[in-house]
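Residue strings, one per chain:
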Amino acid sequence: MTTQPARAGVRPGKLLTARTLLPLALAPLLLSTPTLPASPAHAATATMQLEDALSTLPTAEEDRSGYTSNAFPRWNAGADLTDGCDTFREVLIAEAVEAPTVGPGCRLLGGKWHSYYDDQIVNDLGSLTVDHVVPLAEAWGSGASAWTAERREAYANDRGTPTTLTVATKRTVQEKADRDVANWLPLEGDKYCRYIGEWVSTKHRWSLSADKDEVEALKLFADNSCEETVVIYVPAAD
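Described below are features of the structure shown in this document. These figures come from a predicted structure and were not determined experimentally.

1. Some words on the packing of aromatic side chains
Logical step 1: Scanning all chains against the criterion turns up 14 aromatic pairs.
Logical step 2: Taking the centre distance of 5.3 Å and the plane angle of 75 degrees together, the rings of W75 and F88 count as edge-to-face. Placement of the pair is W75 in the loop between helix 2 (50-55) and helix 3 (87-95) and F88 in helix 3, with a sequence separation of 13 residues.
Logical step 3: Overall, W75 belongs to the partly exposed group, its relative accessible area being 25%.

2. A word on a negative patch on the surface
Logical step 1: A cluster of acidic residues, E51, D52, D223, E227 and E228, forms a negative patch on the protein surface.
Logical step 2: Along the chain, E227 falls in the loop between helix 8 (212-222) and strand 9 (230-233).

3. Considerations on the pattern of salt bridges
Logical step 1: The final tally for this structure, using the stated rule, is twelve salt bridges.
Logical step 2: In this structure, D119 and K191 form a salt bridge, with 3.9 Å as the shortest nitrogen-oxygen distance. Linking D119 in the loop between strand 5 (113-115) and strand 6 (120-122) with K191 in the loop between helix 6 (170-176) and helix 7 (192-205), this pair joins segments that are 72 residues apart in sequence.
Logical step 3: In this structure, K203 and E214 form a salt bridge, with 3.0 Å as the shortest nitrogen-oxygen distance. Of this pair, K203 sits in helix 7 while E214 sits in helix 8, and the two are eleven residues apart along the sequence.
Logical step 4: Among the residues examined, E214 registers a relative accessible area of 0% and is labelled buried.

4. As for unusual backbone geometry
Logical step 1: Positive phi values are uncommon outside glycine, yet C106 reaches one of about 60 degrees.
Logical step 2: By secondary structure assignment, the location of C106 is in the loop between strand 3 (101-102) and strand 4 (108-109).
Logical step 3: C106 sits in the buried class, given a relative accessible area of 2%.

5. So, the state of the cysteines
Logical step 1: Summed over all chains, the structure comprises two disulfides.
Logical step 2: Residue C85 pairs covalently with C106 via a disulfide, S to S 1.9 Å. Given an S-S torsion of about 95 degrees, the disulfide between C85 and C106 has right-handed geometry. Placement of the pair is C85 in the loop between helix 2 and helix 3 and C106 in the loop between strand 3 and strand 4, with a sequence separation of 21 residues.
Logical step 3: Here C193 is linked by a disulfide to C226, with a sulfur-sulfur distance of 2.0 Å. Between C193 and C226, the disulfide has an S-S torsion of -90 degrees and is therefore left-handed. Of the two residues, C193 is situated in helix 7 and C226 in the loop between helix 8 and strand 9; the sequence distance between them amounts to 33 residues.

Criteria and cut-off values
- Residues numbered from 1 in each chain as written.
- Predicted model: local features only at pLDDT ≥ 70, side-chain atom pairs only at ≥ 80, totals over all residues.
- Heavy atoms only, no water.
- Phe/Tyr/Trp six-rings, centres within 6.5 Å; stacked < 30°, edge-to-face > 60°.
- Helix = DSSP H or I, 4+ residues; strand = E, 2+ residues; numbered from the N terminus.
- Buried < 20%, exposed > 50% of the residue type's maximum accessible area, 1.4 Å probe, protein only.
- Patch = residues over 30% accessible without salt bridge, like charges linked within 9 Å, V, L, I, M, F, W, Y side chains within 5 Å.
- Areas by Shrake-Rupley, 256 points an atom, 1.4 Å probe, with all protein chains shown as cover.
- Salt bridge = Lys/Arg side-chain N within 4 Å of Asp/Glu carboxyl O.
- Lys, Arg positive; Asp, Glu negative; His and termini not counted.
- Charge placed at Lys NZ, Arg CZ, Asp CG, Glu CD.
- Disulfide = S-S within 2.5 Å.

Shown next as structure tokens:
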């Protein structure tokens, strides 16, 4: 069952040109600062305004040639090897707004979740999935193609931060597909800044590059409604 309030914003699947993005960037939005777990002793937490984060984001032409989703082994044993839950279920448990009952074999019963992409409250697990904020194909084309298989697996199952993976409705994730921020943003207008902040955080955390159209789209928001957005990330371990 889902509860869906009135919506406003970009229609998923619509190409986001500068003309489309500018009115959105000027709209009053609720800003979001990601909350990160305690960082490992060897990794320093970076905190900066979105504009500054964009100025240090590596830029390069995107190349998705050779991509296959099998290059990113997903839903491994998770952060806790003793709980019997894979990464997928660990994220569901962590992001529940009402905790589910965890049964044998990590079977989840009950619970309630908030899909912030479309601002829906959902208590039907069959309607939910766990999304990579920066899609796997985008990561591949932005530098992950040169990674080892182990690093790609670490990216696909990243539980070291709440910004790489998020719970969302299956329908919205299907609409988003593998598109970047120049081509897709959450339907709910007040979620743009959160999504953009998490996108840039993930790119920095994993040293992924951004292409020209992506940077232009991000700068429109950084210069307008998302100028107060703070990007916080911990570099992923090598």
